[in-house]
Structures are given as C-alpha cells and as structure tokens.
Amino acid sequence: MGVLGPRSPRTGRREPVVVEAFHRGLDVFRPLATAYAALLAWDRRDEMVRPWVAVVVLVVMAAWSLGLLAYHRRGRAVLAVEVVIAVAAILATPLADGMDAVQAGQFTLPTVWAAGSVAGAAVVAGARGGLFAAAIVAVADLVEIAGRPTQGTVHNIVIIVLLGGLIGLAVDLARSGLEREEQVLLERERLRERERIARVVHDGVLQSLAFIHRRGVELGGDAGELATLAADQERALRRFVSGAGAPAGSMDLHGVEGAEVDLRLAVTAHERPGVSVAVPGDPLLVDPQVSRELDAALTAVLDNVDRHAGEGARAWVLLEGDPSGVELTVRDDGVGADPLAVQAAASRGRMGVSSSIRGRVEDLGGSATWTTRPGAGCTVRIIVPRTRGNQP
C-alpha cells in the first residue's frame, strides 16, 4: 500500500492511505461497539438501579455512530465531541448501575466504545491527540469509581494509553512519510522544468549571444565591445538558468529550500567559447553547499586557465558521478607549468590554487590534484562526496 493517498473526504486534505484506512475501520467499529455495549446492558437490565439512564446513553452512542457513517468530515471538533460523549457515558455508569455494582467491577456503559474515541483522536491529531484523549478517558474512569481503582480499571487505562499513543505514532509517521514523498515529487518536477527551460534558453538566447560574441570578436573595433557585453550576458544567463548564482540558504527557481540540486546545471553554466563542458545524461544531485563550493572552485580553475594557460588556450570540463561522490576534471591545452611551481604558489602569495580551489574542496571532505608539465597543458582533478563532509 503506497504512502501517498487521495484527498480525504473526511479531512478535506491529502492524507496517507493508512490514515484513511483507520477512519474506515473506526466507522465499522463504532456501531459494533455500540451493539456490544447494548448487549451487556441488556444482560444486566434487571440489576440496574436506573435502566432508563442506560437507554439514553446507548441511544446517543448509536445515533453518533450511525451519523458518522454519513458525515465524513473528521476534524478536531468532531473528535472532541466524541470524547465528551465517551466521558459522559462513563460517568453515567454509577447512575445506571449504582455505586456498589461499579466498585464490584461492573463494566462501564460504553465499554470498548470509549477506546474508539481515543483511537479516533489519535488518527486525527496524532500521538499527542491520542495521548490527550486517553488521559481524559482515564480520569473519567477514576472519577467513575470514586478514586478507588480496581485491577481491571488500571488494566483498561494502560491499554487505552498504549492504544492512543501507538496509533497516533503510526499516523504521525505516515504523515511525515507523505510530506517527504511530496517533497521528492516536487523536486523531481522542478528538475524537469529546469531542464526544459535550460534547453529552450540554450537553443535560443544563448546560441544568439554566442554568435554575437564570435562575430564581434571577428569584426573588432566597436563590435568588440558588443562581443564582450554579449559574452558577459551569456555567462550571467547560464548561471541564472543553472541557479549557480543563488545566495546561500535561498530557494532555487521553482525549488525547495534545502533540497538537493543538479550539479550538471552549475557546471554547464561555465560553457562558453574556449570552454567545452561534458556532463552525464541523468541528473547528478548533490547537497546545495557542495554545488556552490564546486562552482566557485571551477570558476577559479577556469580563471587560472584564462590568466596562465596562454593566448588561445582551450579548456575541457568533464563531470562524472556515482552514489558515493562526484569527480570534476578540467583539462587545458595551454603552456603548462612546473609542478613544483604550482605547489609553491601559496608561499609566494598566489592563493588561487591553495585557497580558492584546494581549500574549498578539502572543506567538503574531498581532494584536488594537479597534473602539469611545461608545454603539455594542465589537468585538475577534483573529487568530493555528494554531501558536505563533517568538517569543523
């Protein structure tokens, strides 16, 4: 039986299937419990002090039980009335049977029907509602026997408390499961919409901006300024579509705060003339903090390519992932560098490699390595887990 259920006619909102099943079961339980209470009262009718009190109580219980078969709304007010009826029926037992019979261990007039009111409160209001209703019924049981509980009374109170608590816990777990499933479905739809928008923008506006940039560079002069502006707008639009520029803690486009994000979108936002990007065909979901830090690290790597790889150098970005983590590889065909010089960059005050890249990656619980030599370009390999590591 699935967690996600239809909109309940009893509550007016979407409820888990198990909650609707509880309601249907209680609809059957109430008339049967009323019939059982009437049978027990009939057996001891000759011993009652005021039989008419029992008749009134049973008529009210029967009317309520049958009425709920037709009235399907189940709000807190409805269940509160049911608990009041159960308490009144319990307190009416000494009037019907007499105090001597009650202290001798006689059944209350509603018998198990009172447990149904506790279960109903638990279904509507969860564990807290079930325990609260159980406490009210337990107090009524103690008042009914003038504060001198028998072993049977204590036994019944324990059962009612367990009933209200456990059914309420089951309902709370079912509702939290429903909320999680709805969040997953919403996130899935968000990713589909994001991919659709990205395709439309990529095939239209981004291609046009890329063309303007290329033609502007070719024409030179005043057109060069237009090319630079087009390139800047292209990068900004790619970042907007990917959500890479969203501030920390904010909700993404059509997204849910704190939900995982598709890392492919942040990485593809860096694609531009001179930078080629390859990503998996399926969404690569990671923690939002991982996406932000990797995006910043990739920006620093490509900035190093622009500054140090030489005139006309190209870069290739490859994104891969598996259930344990993601791997980001950036390769360029530039002039390369001496590996010892790269390692010593931090000591010379050039913090781009050690802080912007390696520092960010290590804070995520990952690693960053450089492979380079003069005249052979440079390859940067970054490996991080999908969720942020337990760093201080």
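Now for a description of the structure that goes with this document.

So, how was this worked out
Residues numbered from 1 in each chain as written. Predicted model: local features only at pLDDT ≥ 70, side-chain atom pairs only at ≥ 80, totals over all residues. Heavy atoms only, no water. Helix = DSSP H or I, 4+ residues; strand = E, 2+ residues; numbered from the N terminus. Buried < 20%, exposed > 50% of the residue type's maximum accessible area, 1.4 Å probe, protein only. Contact = heavy atoms within 4.5 Å. Areas by Shrake-Rupley, 256 points an atom, 1.4 Å probe, with all protein chains shown as cover. Patch = residues over 30% accessible without salt bridge, like charges linked within 9 Å, V, L, I, M, F, W, Y side chains within 5 Å. Salt bridge = Lys/Arg side-chain N within 4 Å of Asp/Glu carboxyl O. Expected span 1.5 Å × (residues − 1). Arc of directions from axis to C-beta. Polar contact = N/O pair within 3.5 Å; in protein donor to acceptor, adjacent residues only side chain to side chain. Pairing = 2+ DSSP bridges. Axes fitted to C-alpha atoms, helices over the stretch in contact; angles between N-to-C directions. Phe/Tyr/Trp six-rings, centres within 6.5 Å; stacked < 30°, edge-to-face > 60°. Lys NZ or Arg CZ within 6 Å of the ring centre and 35° of its normal.

Observations regarding the overall build of the protein
So, step 1. Looking only at helices and strands, one finds 12 helices and 7 strands in the protein.
So, step 2. Within the protein, the proportion of its 392 residues that are buried is 41%.
So, step 3. Long-range pairs, those at least 24 residues apart, make up 69% of the contacts in the protein between residues at least 6 apart in sequence.
So, step 4. Accessible surface, the protein: about 20600 Å² in total, of which carbon and sulfur atoms supply 60%.

Section: a nonpolar patch on the surface
So, step 1. Judged by side-chain polarity, V154, V158, L162, L166, L169 and L173 come together as a nonpolar surface patch covering roughly 560 Å² of accessible area.
So, step 2. Structurally, L173 can be placed in helix α7 (residues 151-219).
So, step 3. On the accessibility criterion, L173 (54% relative accessible area) is exposed.

As for helix α2 (residues 51-70)
So, step 1. The first and last C-alpha atoms of α2 sit 29 Å apart over 20 residues, in line with the 28 Å expected at 1.5 Å per residue.
So, step 2. Restricting attention to buried positions, one finds in α2 the residues V53, A54, V57, L58, M61, W64, S65 and L68. Here the buried residues of α2 occupy an arc of 125 degrees about the axis, which is enough to place them on one side. Residues of α2 that are exposed and point over 90 degrees away from its buried face: W52, V55, V59, A63, L66 and A70.
So, step 3. Looking at the buried residues of α2, the elements they touch are α1 (17-43), α3 (76-91), α4 (93-97) and α6 (113-144).

Quick look at helix α10 (residues 288-308)
So, step 1. Its 21 residues give α10 an end-to-end C-alpha distance of 30 Å, which sits within 8% of 30 Å, the value for a rise of 1.5 Å per residue.
So, step 2. The opening residue of α10 is D287, an N-cap whose side-chain oxygen sits 2.9 Å from the backbone nitrogen of Q289.
So, step 3. Just downstream of α10, G310 is the residue with a positive phi angle, here 105 degrees.

Digging into the environment of A300
So, step 1. Looking at the secondary structure, you find A300 in helix α10.
So, step 2. Take A300: its relative accessible area is 13%, and that puts it in the buried class.
So, step 3. Linking A300 and I357, residues 57 residues apart in sequence, is a C-alpha distance of 6.5 Å.

Structural notes on the pairing of strand β2 (residues 275-278)
So, step 1. The two faces of β2 differ: V275 and V277 on one face are buried, but S276 and A278 on the other face are not.
So, step 2. Bridge count for β2 against strand β4 (residues 315-322) is 4 bridges, and the pairing is parallel. Within β4, the residue paired with S276 across the bridge is W316.

Details of the sheet that holds strand β7 (residues 378-385)
Hydrogen bonds between backbone groups are what pair the strands of a sheet, and the pairing can be parallel or antiparallel.
So, step 1. One open sheet accounts for 5 strands, arranged β2-β4-β5-β7-β6; its pairing is mixed. Because the sheet does not close on itself, it has two edges, and the strands there are β2 and β6 (367-372). Between one strand and the next, the sheet's axes are offset by a mean angle of 15 degrees, whatever the strand orientation.
So, step 2. Helix-sheet contacts for α10 involve β2, β4, β5 (325-332) and β7, and the interaxial angle to β5 is about 10 degrees.

Looking at the pattern of salt bridges
Two side chains carrying opposite charge are able to pair once their charged atoms lie near each other.
So, step 1. In the structure shown here, the tally under the stated rule is 8 salt bridges.
So, step 2. A salt bridge links E82 to R30, with the shortest nitrogen-to-oxygen separation between them at 2.4 Å. Of this pair, E82 sits in helix α3 while R30 sits in helix α1, placing them 52 residues apart in sequence.
So, step 3. Here the salt bridges do not stand alone but share partners, grouping D27, R30 and E82 into one network.

Some remarks on the side chain of R272
So, step 1. Within the secondary structure layout, R272 lies in the loop between α9 (263-268) and β2.
So, step 2. Polar side-chain contacts of R272 include one of 3.3 Å to the side chain of D306.

Remarks on the packing of aromatic side chains
So, step 1. Scanning all chains against the criterion turns up 0 aromatic pairs.
So, step 2. Over the aromatic face of W42 sits the side chain of R45, whose NZ or CZ is 3.9 Å from the ring centroid.
So, step 3. It is R331 that lies over the ring of W316; its NZ or CZ is 4.6 Å from the centre.

Brief notes about the environment of D46
So, step 1. Relative to the elements of secondary structure, D46 occurs in the loop between α1 and α2.
So, step 2. Judged by its relative accessible area of 68%, D46 is exposed.
So, step 3. Counting along the chain gives 51 residues from D46 to D97, while the straight-line C-alpha distance between them is 10.0 Å.

Let's talk about the pairing of β6
So, step 1. Residue alternation in β6 divides its side chains into a buried set, A368, W370 and T372, and an unburied set, S367, T369 and T371.
So, step 2. In terms of strand pairing, β6 meets β7 through 6 bridges, oriented antiparallel. Within β7, the position partnered with A368 by the bridge is I382.

Side note on unusual backbone geometry
Note: most residues except glycine have negative phi, and most peptide bonds are trans.
So, step 1. Residues other than glycine seldom take positive phi values, yet T111 does so here, at roughly 45 degrees.
So, step 2. Residue placement: T111 occurs in the loop between α5 (99-103) and α6.
So, step 3. Judged by relative accessible area, T111 falls into the buried class, the value being 17%.

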